[in-house]
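What follows is the residue order along each chain.
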Amino acid sequence: MIRIENLHVRFGDVHAVKGVSFDVPSGSSFGMVGESGSGKSTVLRALSGLNPDWTGTMRVDGAALKPKRDRAFFRRVQMVFQDPYGSLHPRQTVDRALAEPLMVHGIGDHEQRILRALDEVALPAATRFRFPHQLSGGQRQRVAIARALMAEPEVLLLDEPTSALDVSVQAEVLNLLADLQAQRKLTYVMVTHNLAVVAHLCPMVGVMQGGQMVEQISAVHLRSGRVNHPHTAELRRLSTELEEA
Ligand code: ADP
Ligand code: MG
């Protein structure tokens, strides 16, 4: 579903992504891990059309992406950010937030689709006319996920979708993402700093360091410690220490 070859992204003199390549089969999840500043978000943003200054080849379902994306692209590919405050308008009710993608893409049947979306992400019907600040962090992220799914995309790009949430809520949202993926045959690219999360959800994981993807490793090998690159071993060691702390 996704094929990225030799992607480079520059911000002036900053060479943020240096020749990244990876594939994601349809209906699968690809995880990206790496320390802060290693280029993970920049890869996702280039793929989603938010970073126009890139070179290389990016394909979605075989079609090469052009610098500027059209509406049809955003119907197929949607992004979910770490902080739903950033993606939800503070003065828009949940109802409005969910209706907007339907209007943008000329999809009818609002009432039924909004009710179904709330149900799908397990939000009580009473949240429909609330504002973002009247919801918990987990509920806000559920709204952001529901919103991303309104136009029935095939690909979700998830940038640390649970990092801003309490640990207890993180697992709920990850389980929701796993359920939605299975139901809708979605393809995910997921950035996270949590190796346990990525190993749980993603059969393949790309390890980023200094703008390069230094290793691609299966979740099975990651869990059992069969790593090839020292940076992967280092991330693994740090994450084990964190879990034990
Ligand atoms: P990560 O998501 O892995 O933490 P990012 O992709 O956000 O890393 O950043 C990679 C590098 O690109 C960093 O050096 C960051 O400072 C730089 N960078 C990211 N976005 C911009 C931008 N809009 N303008 C200039 N530099 C940026
Ligand atoms: Mg980031």
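This structure is a prediction, so every number in the text was calculated from the model and none was measured.

1. Considering the site of ligand 1
Here is step 1 of the chain: Around ligand 1 sit F11, A16, E35, S36, G37, S38, G39, K40, S41 and T42, and those are all the residues in its vicinity.
Here is step 2 of the chain: With respect to ligand 1, the side chain of T42 contributes an N or O atom lying 2.5 Å from an oxygen atom.
Here is step 3 of the chain: When the free accessible area of ligand 1 is taken as 560 Å², the share hidden by the protein chains comes to 56%.
Here is step 4 of the chain: A per-element tally of the shell around ligand 1 places helix α1 (residues 40-48) first, with three residues.
Here is step 5 of the chain: Along the lines of polarity and charge, the residues of the shell around ligand 1 split into two nonpolar, six polar and two charged.

2. Describing the side chain of R69
Here is step 1 of the chain: Note that R69 resides in the loop between β5 (63-64) and α2 (71-76).
Here is step 2 of the chain: It turns out R69 is buried and unbridged, and the closest side chain with the opposite charge, D70, is 7.5 Å from it.
Here is step 3 of the chain: In terms of polar contacts, R69 uses its side chain to reach the backbone carbonyl oxygen of A46, at 3.3 Å.
Here is step 4 of the chain: In this structure the side chain of R69 is engaged in a polar contact, spanning 2.6 Å, whose partner is the backbone oxygen of L47.
Here is step 5 of the chain: What R69 contacts, discounting residues up to four positions off in sequence, is A46, L47, S48, G49, W54, M58 and F74.

3. A closer look at helix α6 (residues 137-149)
Here is step 1 of the chain: Over its 13 residues, α6 extends 19 Å from the first C-alpha to the last, a length consistent with the 18 Å expected when each residue adds 1.5 Å.
Here is step 2 of the chain: Counting buried positions along α6 yields ten of 13 residues, so the element is predominantly enclosed.
Here is step 3 of the chain: Along α6, the residues classified as buried are G138, R140, Q141, R142, V143, A144, I145, A146, A148 and L149.

4. Some words on the sheet that holds strand β2 (residues 14-24)
Across a sheet, paired strands are connected by hydrogen bonds in the backbone, their directions being either parallel or antiparallel.
Here is step 1 of the chain: Here four strands make up an open sheet; going across it, the order is β2-β1-β4-β5 and the pairing antiparallel. The sheet is open, and its two borders are formed by β2 and β5, each paired with just one other strand.
Here is step 2 of the chain: The pairing of strand β1 (residues 2-11) with β2 spans eight bridges and is antiparallel. Looking across to β2, one finds that V9 is bridged to V17.
Here is step 3 of the chain: Here α1 sits on the sheet and contacts β1, β2 and β4 (54-60); the angle it forms with β1, its principal contact strand, is near 110 degrees.

5. Description of the packing of helix α4 (residues 94-104) against α6
Here is step 1 of the chain: The geometry of α4 relative to α6 is characterised by a closest axis approach of 8 Å and an angle of 25 degrees between their N-to-C directions. With respect to their mutual orientation, α4 and α6 come out roughly parallel. Remark: the crossing between α4 and α6 carries right-handed chirality. The segment α4 lies against α6, with V94, A97, L98, E100 and P101 engaging V143, A146 and R147.
Here is step 2 of the chain: Taken together, the residues of the contact of α4 with α6 sort by class into six nonpolar, no polar and two charged.

6. Overview of the pairing of strand β9 (residues 204-209)
The side chains of a regular strand alternate between both faces of the sheet.
Here is step 1 of the chain: Two elements, strand β3 (residues 29-34) and β9, share five bridges in a ladder whose sense is parallel. Looking at β9, one finds that G31 is bridged to V205.
Here is step 2 of the chain: Of the strand pairs in this sheet, β9 and strand β10 (residues 212-218) are connected by six bridges, and their pairing is antiparallel. Looking across to β10, one finds that M204 is bridged to S218.
Here is step 3 of the chain: Hairpin geometry of β9 and β10 is characterised by an intervening segment of two residues between the two adjacent antiparallel strands and by a positive phi of about 55 degrees at G210.

7. A look at the environment of L65
Here is step 1 of the chain: You can see L65 is positioned in the loop between β5 and α2.
Here is step 2 of the chain: Taking the relative accessible area as the measure of exposure, L65 reaches 14% and is therefore buried.
Here is step 3 of the chain: With 16 residues separating them along the chain, L65 and G49 place their C-alpha atoms 9.0 Å apart.
Here is step 4 of the chain: For L65, the residues in contact, after removing those within four places along its chain, are L47, W54, M58, V60 and F73.

Procedures and definitions
Residues numbered from 1 in each chain as written. Chains lettered and ligands numbered in written order. Predicted model: local features only at pLDDT ≥ 70, side-chain atom pairs only at ≥ 80, totals over all residues. Heavy atoms only, no water. Near = heavy atom within 4 Å. Polar contact = N/O pair within 3.5 Å; in protein donor to acceptor, adjacent residues only side chain to side chain. Areas by Shrake-Rupley, 256 points an atom, 1.4 Å probe, with all protein chains shown as cover. Helix = DSSP H or I, 4+ residues; strand = E, 2+ residues; numbered from the N terminus. Nonpolar A, V, L, I, M, F, W, Y, C, P; charged D, E, K, R; others polar. Buried < 20%, exposed > 50% of the residue type's maximum accessible area, 1.4 Å probe, protein only. Lys, Arg positive; Asp, Glu negative; His and termini not counted. Salt bridge = Lys/Arg side-chain N within 4 Å of Asp/Glu carboxyl O. Contact = heavy atoms within 4.5 Å. Expected span 1.5 Å × (residues − 1). Pairing = 2+ DSSP bridges. Axes fitted to C-alpha atoms, helices over the stretch in contact; angles between N-to-C directions. Parallel < 35°, antiparallel > 145°, perpendicular 65-115°, else oblique. Left-handed = near helix turned anticlockwise from the far one by under 90°.

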